Each structure stands twice: as C-alpha cells, then as structure tokens.
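Tertiary structure, described
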Amino acid sequence: MRFLLVEDNQDLASATVDRLTMDGHVVDHASTLRAAEDFKATTDYDLIFLDIMLPDGDGRSFLSTHRLADDPTPVIVTTARSEVSDRVGILDLGADDYVTKPFDFSELEARCRAVLRRRGGAARNVKMLGDIEFDPLSGTLRLGEKQIKLRNRELRLFEVFANAPDQIFPKSKLLDRLFSYGDEVSENAIEVYVGRLRRHLQGSSVEIQTVRGVGYMLSVR
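Among the secondary structure elements, Arg-2 is positioned in strand S1 (residues 2–6). Polar contacts involving the side chain of Arg-2 include one to the main-chain carbonyl oxygen of Phe-179, which spans 2.9 Å.

Rendered as structure tokens:
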C-alpha cells in the first residue's frame, strides 16, 4: 500500500519510513503541509499519517480541509499532546485514529491495520476471493491445503487487486502503488509481478486478466 507521512522530525520520519518500507509499503514523506498538499495533488494514498505541529502550520487545518473535500483516505494523527480534550478534538475533526508520541512501531502498525480493516468494512484481516483465502497480515494465500507466502511487492500488488475485484488498473497506476518517486522502474516490473501472482493462483477460481491496451484486473470465475 502507499502511505503519506507528514512529519517534520527527520529522525522520527526516517525511522517510520524504514519500518513501513520494511513491511513492503511505499511511503512518501512530507515535512511541511505544503509538501503534503503537493503529494496529495498527484497521488492517491491508502493512508495518511499526520503530525499536528508543523513548520508551516497546524496539521488540524490540513485534516479539516481533507474532510471538507470529502476525501475518504483514512488519517492517523501522531501527536505529542496527551490531554483527553486534544484527542477528542482530533477525532471530531475527522481523524480515524491517533497515536501519542513517543509511540512503539508495533502499535502504529496495529492501528494502521485496524483503520484499514474498518475502511474495508471488515472486522478480520482474512478476505475470501472465490476459493482463495487471503490474509494480508500474514501475507499468505490459501487454496485448500495449499498455502503460499507472498513476497512484499507480490503482497502489495495482490492487495490492490483484492480490494477492487473487476476494476481495471493501468500499469502506470500499479507502478504508483508499488514504487516510490525515487525508484527507477519501468512498466515491465509490473508484468513480472503479475506473472508471479498468476503462477500462485494457478488451479484456483481467481485470475488476473489482461485488458489489452489498458491494464489488468482481478476476476473470480
């Protein structure tokens, strides 16, 4: 998945990006509200991590504008303020959750998973697609007694397809979901990962179809 981290503390930002990237996510880092707005204008995100105190303003104004625009992207606020009134105010503005600094990365990851589950309307991580059981938390596909452990980018690509069956994704869109701005990759990389997923799905009722001249989509027979 692709996340936007809005954080001006460089040490914390670097550690957070490293941890989330290690989990296979793509993370763009903005150290100011202006940079965050520029990122949002060019890319769709699955989740935004938002600091409150930033060099060029208050993150709450960003959050308020984000919600007034009816942007459904979930937001987890990271704040050093621990007073109940501050936390209530953040939630009332439209935050989906918050973590208080300093935070443990395992807590941040757990809250991230919970928010994304709620967004998808699911109480559990496991999703059924035809005869395939997909668990994004463990990164596995199960077909009967057969269990397949997906590698990081295989997992993130399958998540994109699994969250929107029958939706066509152009290669450029898939590149945007799997790689950050600094990565020098071509659309051929998507063909490689799609090929790997197709091999994993052989024998199941789930397939990734090529829509000639447009892109790919996941369908269930």
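So much for the structure itself; the text now carries on.
Read across the open sheet, the four strands follow the order S8-S9-S10-S11; overall the sheet is antiparallel. Here the strands that pair on one side only, and so sit at the sheet edges, are strand S8 (127–129) and strand S11 (146–149). Adjacent strand axes in the sheet meet at a mean angle of 25 degrees when their direction is disregarded. Note: strand S9 (residues 132–135) against strand S10 (residues 140–143), three bridges, orientation antiparallel. Looking at S10, one finds that Glu-133 is bridged to Arg-142. Against the sheet, helix H6 (residues 152–162) contacts S8, S9 and S10, and its axis sits at roughly 120 degrees relative to S9.

Our next topic: unusual backbone geometry. Geometrically, the link from Lys-101 to Pro-102 is a cis peptide bond, its omega value of -10 degrees lying close to zero. Mapped onto the secondary structure, Pro-102 falls in the loop between strand S7 (97–100) and helix H5 (105–119). The phi dihedral of Asp-70 is positive, around 60 degrees, even though this residue is not glycine. Within the fold, Asp-70 resides in the loop between helix H3 (59–68) and strand S6 (75–79). Of note in the backbone geometry, Asp-166 takes a positive phi value of approximately 70 degrees without being a glycine. Within the element layout of this structure, Asp-166 appears in the loop between H6 and helix H7 (171–178). Here Asp-166 falls in the exposed class, since its relative accessible area comes to 53%.

Here is what the cut-offs are and how they apply
Residues numbered from 1 in each chain as written. Predicted model: local features only at pLDDT ≥ 70, side-chain atom pairs only at ≥ 80, totals over all residues. Heavy atoms only, no water. Helix = DSSP H or I, 4+ residues; strand = E, 2+ residues; numbered from the N terminus. Polar contact = N/O pair within 3.5 Å; in protein donor to acceptor, adjacent residues only side chain to side chain. Pairing = 2+ DSSP bridges. Axes fitted to C-alpha atoms, helices over the stretch in contact; angles between N-to-C directions. Contact = heavy atoms within 4.5 Å. Buried < 20%, exposed > 50% of the residue type's maximum accessible area, 1.4 Å probe, protein only.

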